Amino acid sequence: MDTAIYDGVSIRGEGMNAEYYPVGTPGGFFIYEADGDERILFADENIIRMYDCEDMEDFREFTGNTFTGMVYKDDLHKIENEITAQTMFGEKRHDYVRYRIQTKTGEVRYVEDFGHLLHGAGGKRFFYVFIVDVDQDEFLNRNKNSFAEAQVLSMNNETDKLTGLFNMSFFYQSVQTKLESLEFRRNLVAFIHFDVPNFKLFNERYGFHMGDELLCEVAKSLHEVFVGGIAARFSDDHFVVCTAAKEKLDVEIAVDKFFKLMLSHPEPAMRVRIKAGVYFLDDNSSEVGLACDHARLACNSIKARHDINYFIYDESL
C-alpha cells in the first residue's frame, strides 16, 4: 500500500488494495483539501462504488477530482455554507451535513456527511470525511436525528434553514474576521444589499411554496456570481453580500450578472427584477453594521424607480 505526504499529512495512497476496506458497507471515507479547488486527495473503494465508478481514475474524472464535483449541484451552496459555519472558527473542527449525490449512471442518492477539519504544515487545511447512504424519508425528516447529528446541529444556528446562507449575526462575525485579514483589505471591499420588490404580492399570487423557491433561487444565484464573497439572508426578502474586488467596475459587473441570471430563469414567474444598493467600504472604517446600513439606504432610495436596478451609496443619502 502506498503512503503519500501532503503538506505534513500522511495519507494511504491510490495504490491501496480493496482488501483493506470492507466492500458493500453503506458508507465510505475520503479526504479533500479545504481550500482552493477542494481537490480530492484520497477516496476509498466504497466511495468509488457509491458513485458507480470503476476505479479511482474513473472517479477522479467523473467528479473533476473536487469535493464540489461530488455534491449534487442544487445542494452545493447550502452545504458549503453549513460546513463553513460549523468549522470557520478555531474551536469548531467537526461538521455534519446532508446532501444529494448523483452517480455516474445518473442515480440520485441521499447521504449524510460527518467531517473533521485538520491542519497540515504550511497552513494547509484538510477535511477527513465519512459519508453514509440514507433513504429519502430519513433525509427529509429533521425531527428524528441521531444523537451525534443532534449534537452537531444544536451548535449550528449560523445558517438560514431555507436558503442555506449565513444569518445576519454570523455574517457580521464572519465579515469582521475577514476585515482583519491584510490580504482581504488590499482589495476594494463592497457591501451589497439586495431586495426582492413586492415579495408579499408575489406570495399572494403564486403561493408561499413558490415564494420559498424564489428566495432559494436568489441564494443560489448569489453563490454562483459572488464566488469567494460572504452572502447572508438578513430577513424575508433581504439579502446582503460582502465581496472584494480590484475596482468598483468589477462589483458593478457582478451585480449586473446577478440581475441577468435571475431574469434568465427557465420559469417565467421566477424572472424577478431585484433591487440592489452598493456601499464601498471606507479605508478608515471597518464597522460592518454601519456598512450594511449604508448599502440598505442605497437600495431603499431606488425602490420606487423603474429606470434603475442598483444604486451606489453617497453621502447625500
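Residues numbered from 1 in each chain as written. Predicted model: local features only at pLDDT ≥ 70, side-chain atom pairs only at ≥ 80, totals over all residues. Heavy atoms only, no water.

With that settled, consider the overall build of the protein chain. Counting its regular elements, the protein chain contains 11 helices and 12 strands. Looking at the protein chain as a whole, 48% of its 317 residues qualify as buried. Restricting the contact set of the protein chain to residue pairs at least 6 apart, pairs at least 24 apart contribute 61%. If you sum the accessible surface of the protein chain, you get close to 16,400 Å²; carbon and sulfur atoms cover 49% of it. (Helix = DSSP H or I, 4+ residues; strand = E, 2+ residues; numbered from the N terminus. Buried < 20%, exposed > 50% of the residue type's maximum accessible area, 1.4 Å probe, protein only. Contact = heavy atoms within 4.5 Å. Areas by Shrake-Rupley, 256 points an atom, 1.4 Å probe, with all protein chains shown as cover.)

Moving on: the state of the cysteines. Enumeration over the complete set of coordinates arrives at 0 disulfides. Of the cysteine sulfurs around C242, a residue in no disulfide, the closest is that of C292, at 7.8 Å. (Disulfide = S-S within 2.5 Å.)

This brings us to the pairing of strand 11 (residues 275-280). With respect to burial, strand 11 is a largely interior element, 6 of its 6 residues being buried. Here strand 11 shows a buried face lined by K275, G277 and Y279 and a second buried face lined by A276, V278 and F280. Looking at chain direction, strand 8 (residues 188-195) and strand 11 are connected through 6 bridges and run antiparallel. The partner of D195 across the bridge, within strand 11, is K275. Two strands pair when backbone bridges link them, and strand 11 and strand 12 (residues 310-312) are joined in this way by 3 bridges, in the parallel orientation. By the bridge assignment for strand 12, G277 is matched with F311. (Pairing = 2+ DSSP bridges.)

Quick look at the packing of aromatic side chains now. For the structure on display, the rule yields 19 aromatic pairs. Ring geometry for F29 against F42: centres 6.0 Å apart, planes inclined by 50 degrees, an arrangement best described as tilted. Here the residue F29 occupies a position in strand 3 (residues 27-33), and F42 occupies one in strand 4 (residues 40-43), the gap between them amounting to 13 residues. Residue F29 is classed as partly exposed on the basis of its relative accessible area, which comes to 24%. Look at F42 and you get buried, because its relative accessible area is 4%. (Phe/Tyr/Trp six-rings, centres within 6.5 Å; stacked < 30°, edge-to-face > 60°.)

On to the side chain of D195, then. As for its placement among the helices and strands, D195 is situated in strand 8. Since its relative accessible area comes to 3%, D195 is described here as buried. A distance of 3.1 Å separates a polar atom in the side chain of D195 from a polar atom in the side chain of K303. Apart from the residues lying within four places of it in its own chain, the contact partners of D195 are D237, H238, I274, K275, C299 and K303. (Polar contact = N/O pair within 3.5 Å; in protein donor to acceptor, adjacent residues only side chain to side chain.)

The element strand 8 is extensively covered by neighbouring structure, given that 7 of its 8 residues are classed as buried. Bridge count between strand 8 and strand 10 (residues 238-245): 8 bridges; the pairing is antiparallel. What sits directly across from V189, in strand 10, is A244.

For residues with low pLDDT, the predicted coordinates do not support detailed interpretation. Scored by pLDDT, the protein chain has a mean of 84; 82% of the residues are at 70 or more. Long-range and interchain partners of residues 1-21, a stretch whose pLDDT sits below 50, account for 42 contacts in this model, where long-range means more than four residues apart. (pLDDT = per-residue confidence, 0-100.)

Let us look at unusual backbone geometry. Residue E38 is not a glycine yet carries a positive backbone phi of 55 degrees. Position of E38 among the secondary structure elements: in the loop between strand 3 and strand 4. Judged by relative accessible area, E38 falls into the buried class, the value being 13%. We note that N65 has phi near 60 degrees; this positive angle belongs to a residue other than glycine.

Further remarks concern the sheet that holds strand 10. Strands in a sheet are paired, the pairing made by backbone hydrogen bonds, and the direction either parallel or antiparallel. One open sheet accounts for 5 strands, arranged 9-10-8-11-12; its pairing is mixed. One side of each edge strand has no neighbouring strand; the edge strands of this open sheet are strand 9 (230-235) and strand 12. Pairs of neighbouring strands in the sheet enclose a mean axial angle of 20 degrees, with direction left out of account. Of the pairings in the sheet, the one linking strand 9 to strand 10 comprises 5 bridges and is antiparallel in character. In the sheet register, A231 faces strand 10, and the bridge partner there is V241. Its contacts with the sheet put helix 6 (residues 168-179) on strand 8, strand 9 and strand 10, and the angle it makes with strand 9 is roughly 150 degrees. Its contacts with the sheet place helix 11 (residues 288-300) against strand 8, strand 9, strand 10, strand 11 and strand 12, and it is angled at close to 140 degrees to strand 11. (Axes fitted to C-alpha atoms, helices over the stretch in contact; angles between N-to-C directions.)

Another point: the packing of helix 8 (residues 199-206) against helix 9 (residues 208-225). Taken N-terminus to C-terminus, the directions of helix 8 and helix 9 make an angle of 135 degrees; their axes are 7 Å apart at the nearest point. As summarised for this structure, helix 8 and helix 9 are arranged oblique, according to the angle between their axes. When helix 8 is examined against helix 9, the residues F199, F202, N203 and Y206 are found in contact with a partner set consisting of F208, M210, G211, L214 and L215. Across the contact of helix 8 with helix 9, the residue classes break down as 7 nonpolar, 2 polar and no charged. (Parallel < 35°, antiparallel > 145°, perpendicular 65-115°, else oblique. Nonpolar A, V, L, I, M, F, W, Y, C, P; charged D, E, K, R; others polar.)

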